Amino acid sequence: MKLVVQKFGGTSVATPKSREMVLKHVIRTKREGYSPVVVVSAIGRRGDPYATDTLLSLLEEVGGEVPARERDLLMSCGEIISAALVAALLNAKGHPAKAFTGGQAGIITDDRFGNAAIKEIKTDVLIDAVKQGYIPVVAGFQGITENGDITTLGRGGSDTTAVALGAALGAECVDIFTDVEGIMTADPRIVKGAHILDTVTYREVTEMAYNGARVIHPKAVEIAMQRNIPVRVRSTFSDSPGTLITCGPERLITGIAHIPHLAQICIKVPSDDRSVEVRIFRMLADAGISIDLINLFPDLKVFTIKEELVEKAVGVLEGIGVIPEVVRGLAKVTVVGAGMRGVPGVMARIIEALEGENIEILQTSDSHTTISCLVRDEDAERAITALHKKFEL
Ligand code: ADP
Ligand code: MG
């Protein structure tokens, strides 16, 4: 049994015409002698009737807090609708198919609703279906707890479903079908000259993904790397091979990624009172506020948070008598390059590129494989384009 997992994202299943393309890829794979296992996302994007954000917007009328369990149950419906429809379409074309919820497909998670982790995949149901000649169509983004509660895996969770299933089933390959031709040197919606990378390493794409390139979810790449599963990112709307993610040589610079809508928090503290620092970070952590771009000086603490969390964070900080300075409307632009370690001059070129566009850098941070600059949201597109050009990507 040669299995291939094929995951189709929201735009791929959005319209009758795009679903026609989905069927084409699945049926061709079957004709080539593979057993396809299909994973689908919810239909369409924000505003479309069955998209996840649309389902979530129903909860606005609740006003107050919605129980996490019920929120997940509602959110899981989009993928179930999509799976039922795609399975029905395959059947109508004469290819026996069966739709499964994540739980029915054996995906067991912990009970962290909204961001659950897969603990185990019981593959017998899917294997039986394949042996009986069915194409399984699995609802992405979801699982079930040992108690039988439906959970969701967080944004981009269908990618995780696909790769985790691929690993559990021992698939030859996991294909992530989407609305672009592959993983590109920058988001093609922003940089017109962005081009497709034929191959990237797990590490390169993990860094791109964690730094905002949402084309594939970083958790999915991590599972693929641990289990050494080849993953391809390719277009539903063409036959081109897309990008193959594997081990291999790393480039100096892979691409440019970005995360918009951040806020910078600056807190002045008396440098002789270390306990304030401890309280600040403990309180933010306990409130579930994730912080990034952290720079600590004896009398100054600087970091970024998602802009949507500003009110919450300020409330928490004021609660311990700390008055932060907040700068909203920022973006983190990151140059990713697994091969940049120890290579001189990368920072100099970044500064030159942004200076040449008269873009102010509010903060920077770096790792072995990334250099990030905090800029204003309205400068982000120009910054990404200038960096893309400077590094001749
Ligand atoms: P899907 O619904 O198929 O999961 P996503 O919207 O999650 O699709 O991911 C595809 C989108 O990722 C593309 O439309 C593109 O705008 C965006 N993207 C961001 N960075 C990159 C990149 N470096 N390469 C390719 N696509 C990117
Ligand atoms: Mg996606």
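The structure presented is a predicted model; accordingly, all values stated were derived computationally and were not measured.

Applying the stated criterion across every chain, the model contains 24 salt bridges. Salt-bridge contacts for Arg155 lead to Asp53; the nearest nitrogen and oxygen are separated by 3.0 Å. Of this pair, Arg155 sits in the loop between β8 (150-152) and α6 (157-169) while Asp53 is found in helix α2 (residues 52-57), placing the two residues 102 residues apart along the sequence. Relative accessible area serves as the criterion here: at 57%, Arg155 is assigned to the exposed category. Measuring nitrogen to oxygen at the nearest pair gives 3.4 Å for the salt bridge that ties Lys119 to Glu146. One end of the pair, Lys119, is in strand β5 (residues 118-121); the other, Glu146, is in the loop between β7 (142-144) and β8, with 27 residues separating them in the sequence. Of the two residues, Lys119 and Glu146, both sit in the exposed class. One connected set of salt bridges, linked through shared partners, spans Arg28, Glu32 and Asp239.

Looking now at the nonpolar core. If you look at the biggest cluster of nonpolar residues, it comprises 36 residues, and the most contacted ones within it are Val37, Leu165, Ile216 and Ile245. The set of elements that each furnish at least two residues to this core consists of β1 (3-8), β2 (35-40), α5 (124-131), α6, β9 (173-178), α7 (202-210), α8 (218-227) and β11 (231-235). The dominant element in this core, judged by the number of residues it contributes, is α6, at six residues. Residues in contact with Val37, not counting those within four places in the same chain, are Leu3, Val4, Val5, Gln6, Leu126, Val130, Pro136, Val138, Leu165 and Leu169. Counting 27 residues, the second largest nonpolar core, distinct from the first, contains Met184, Ile256, Cys373 and Leu393.

Before going further, it helps to examine the UniProt feature "domain: Aspartate/glutamate/uridylate kinase" (unreviewed entry) in the protein. Under the UniProt annotation, the feature "domain: Aspartate/glutamate/uridylate kinase" (unreviewed entry) is placed at residues 2-235. Secondary structure over residues 2-235 splits into 37% helix and 21% strand, and the C-alpha atoms at its two ends are 22 Å apart.

Here the protein is partitioned into domain 1 (3-179) and domain 2 (255-390). Its C-alpha centre places domain 1 at a distance of 35 Å from the equivalent point of domain 2.

Attention now goes to the site of ligand 1. In the region of ligand 1, 19 residues are neighbours, and Thr178, Asp179, Asp187, Arg189 and Arg214 sit closest. Interatomic distance of 3.2 Å between a side-chain N/O atom of Lys7 and an oxygen atom of ligand 1. For ligand 1, an oxygen atom lies 2.7 Å from a polar atom in the side chain of Thr178. In isolation ligand 1 offers 570 Å² of accessible surface; the protein chains occlude 92% of this area. The residue inventory of the shell around ligand 1, partitioned by class, reads nine nonpolar, four polar and six charged.

On to the sheet that holds strand β16 (residues 325-336), then. Strand order in the open sheet formed by six strands is β14-β15-β13-β16-β18-β17, and the pairing between neighbours is antiparallel. Unpaired on one side and paired on the other, β14 (292-297) and β17 (363-366) mark the two borders of the sheet. Averaged over all pairs of adjacent strands, the angle between strand axes in this sheet comes to 30°, irrespective of strand direction. The pairing of strand β13 (residues 255-268) with strand β15 (residues 300-306) spans seven bridges and is antiparallel. For Ala263, the partnering residue across the bridge sits in β15 and is Ile305. Sheet strands in contact with helix α11 (residues 346-356) are β16, β17 and β18 (370-376), and its direction is about 20° off that of β18. Here helix α12 (residues 377-390) sits on the sheet in contact with β13, β16 and β18, set at roughly 15° to β16.

It is worth spelling out the sheet that holds strand β10 (residues 199-201) at this point. The strand order across the open sheet formed by eight strands is β3-β6-β2-β1-β9-β11-β12-β10, and the pairing between neighbours is mixed. The outermost strands of the open sheet, each flanked by one partner alone, are β3 (97-100) and β10. The mean angle between the axes of side-by-side strands here comes to 20°, regardless of whether they run parallel or antiparallel. The sheet contact formed by β10 and strand β12 (residues 243-246) spans three bridges and is parallel. The partner of Val200 across the bridge, within β12, is Ile245. The strands touched by α5 are β1, β2, β3 and β6 (135-139); relative to β6, the strand with the most contacts, the crossing angle is about 145°.

What counts, and where the lines are drawn
Residues numbered from 1 in each chain as written. Chains lettered and ligands numbered in written order. Predicted model: local features only at pLDDT ≥ 70, side-chain atom pairs only at ≥ 80, totals over all residues. Heavy atoms only, no water. Salt bridge = Lys/Arg side-chain N within 4 Å of Asp/Glu carboxyl O. Helix = DSSP H or I, 4+ residues; strand = E, 2+ residues; numbered from the N terminus. Buried < 20%, exposed > 50% of the residue type's maximum accessible area, 1.4 Å probe, protein only. Core = buried A, V, L, I, M, F, W, Y, C linked by side-chain atoms within 4.5 Å. Contact = heavy atoms within 4.5 Å. UniProt positions renumbered as here; feature names shortened; annotations may be inferred. Domains from an automatic or database assignment. Near = heavy atom within 4 Å. Polar contact = N/O pair within 3.5 Å; in protein donor to acceptor, adjacent residues only side chain to side chain. Areas by Shrake-Rupley, 256 points an atom, 1.4 Å probe, with all protein chains shown as cover. Nonpolar A, V, L, I, M, F, W, Y, C, P; charged D, E, K, R; others polar. Pairing = 2+ DSSP bridges. Axes fitted to C-alpha atoms, helices over the stretch in contact; angles between N-to-C directions.

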